[in-house]
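Notes for the structure review
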Amino acid sequence: MTVFVQKDAYDIEENTSVYDFISLVLKNEGTGIALAVNENIIPKDKWISFILKENDTLLIIKAVAGG
């Protein structure tokens, strides 16, 4: 199935959680980022249980130091 991140398409397996996507596909530990799926913020404590669906659109916001 396909999901989108900032308009880039990613093919992933069904039943992939947000946590799995962030850590396995994007190779990010999840530190310093906030995430929305279909314009809804997903709290970090829900990433493991939140399962992505076909055509979901993710927005990842990275914190940067220095203002």
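This section reports on the structure supplied with the text.

Thresholds applied
All chains use their own residue numbering, which begins from 1 and follows the written sequence. Reporting of local features is limited, given that this is a predicted model, to residues whose pLDDT is at least 70; pairs of side-chain atoms are given and counted only at 80 or more, and all residues count toward the totals for whole chains, interfaces and linings. Water and hydrogen atoms play no part in the side-chain values, which are based on all heavy atoms of the structure. At least two DSSP bridges between two strands are needed for those strands to be called paired. Only DSSP runs of H or I covering at least 4 residues are called helices, and only runs of E covering at least 2 are called strands; the numbering of each starts at the N terminus. Each nonpolar core is a collection of buried residues, namely Ala, Val, Leu, Ile, Met, Phe, Trp, Tyr and Cys, held together in the definition by side-chain atoms within 4.5 Å. When accessible area is computed with a 1.4 Å probe and restricted to protein chains, residues below 20% of their type maximum are described as buried, those above 50% as exposed, and intermediate ones as partly exposed. Only heavy atoms enter the contact rule, under which two residues are in contact if any of them lie within 4.5 Å. Between rings of Phe, Tyr and Trp, where Trp is taken as its six-membered ring, a pair exists when centres lie within 6.5 Å; planes separated by under 30 degrees are stacked, by over 60 edge-to-face, and by other angles tilted. Cation placement over rings: the criterion is NZ of Lys or CZ of Arg within 6 Å of the ring centroid and within 35° of the ring normal.

What the five strands build is an open sheet, ordered S2-S1-S5-S3-S4; its pairing is mixed. Each edge of the open sheet carries a strand with a single partner, namely strand S2 (8-11) and strand S4 (40-41). Here five bridges tie strand S3 (residues 33-37) to strand S5 (residues 57-62), and the two strands are oriented antiparallel to one another. If you follow Leu 35 over to S5, its bridge partner there is Ile 60.

Formed by 14 residues in total, the largest nonpolar core has its most connected members in Phe 21, Ile 22, Leu 35, Leu 52 and Leu 58. Elements represented by at least two residues in this core include exactly strand S1 (2-5), helix H1 (18-25), S3 and S5. If we ignore the near neighbours within four places in the chain, the residues touching Phe 21 are Val 3, Val 5, Tyr 10, Ile 12, Thr 16, Leu 26, Leu 52 and Leu 58.

Okay, the packing of aromatic side chains next. Following the criterion strictly, the structure yields one aromatic pair and no others. With 5.4 Å between their ring centres and 90 degrees between their planes, Tyr 10 and Phe 21 make a pair best called edge-to-face. Of this pair, Tyr 10 sits in strand S2 while Phe 21 sits in helix H1, placing them eleven residues apart in sequence. Residue Phe 21 is classed as buried on the basis of its relative accessible area of 0%. The ring of Phe 50 has Lys 53 lying over it, and the distance from NZ or CZ to the ring centre is 5.9 Å.

To continue, consider the environment of Val 5. Note that Val 5 resides in strand S1. The exposure class of Val 5 is buried, given its relative accessible area of 7%. Separated by 32 residues in the primary sequence, Val 5 and Val 37 place their C-alpha atoms 9.3 Å from one another. If near-sequence neighbours (up to four positions away) are discounted, Val 5 is found in contact with Tyr 10, Phe 21, Leu 58 and Ile 60.

Turning next to the pairing of S1. Relative to S2, S1 runs antiparallel, the two being bridged by four bridges. When the sheet's bridge partners are listed, Val 5 is paired in S2 with Asp 8. Following S1, the chain reverses through two residues before pairing antiparallel with S2; Gln 6 in that reversal takes a positive phi of roughly 45 degrees. Sheet topology note: the S1/S5 ladder contains two bridges and is parallel. Bridge pairing links Val 5 to Leu 58 in S5.

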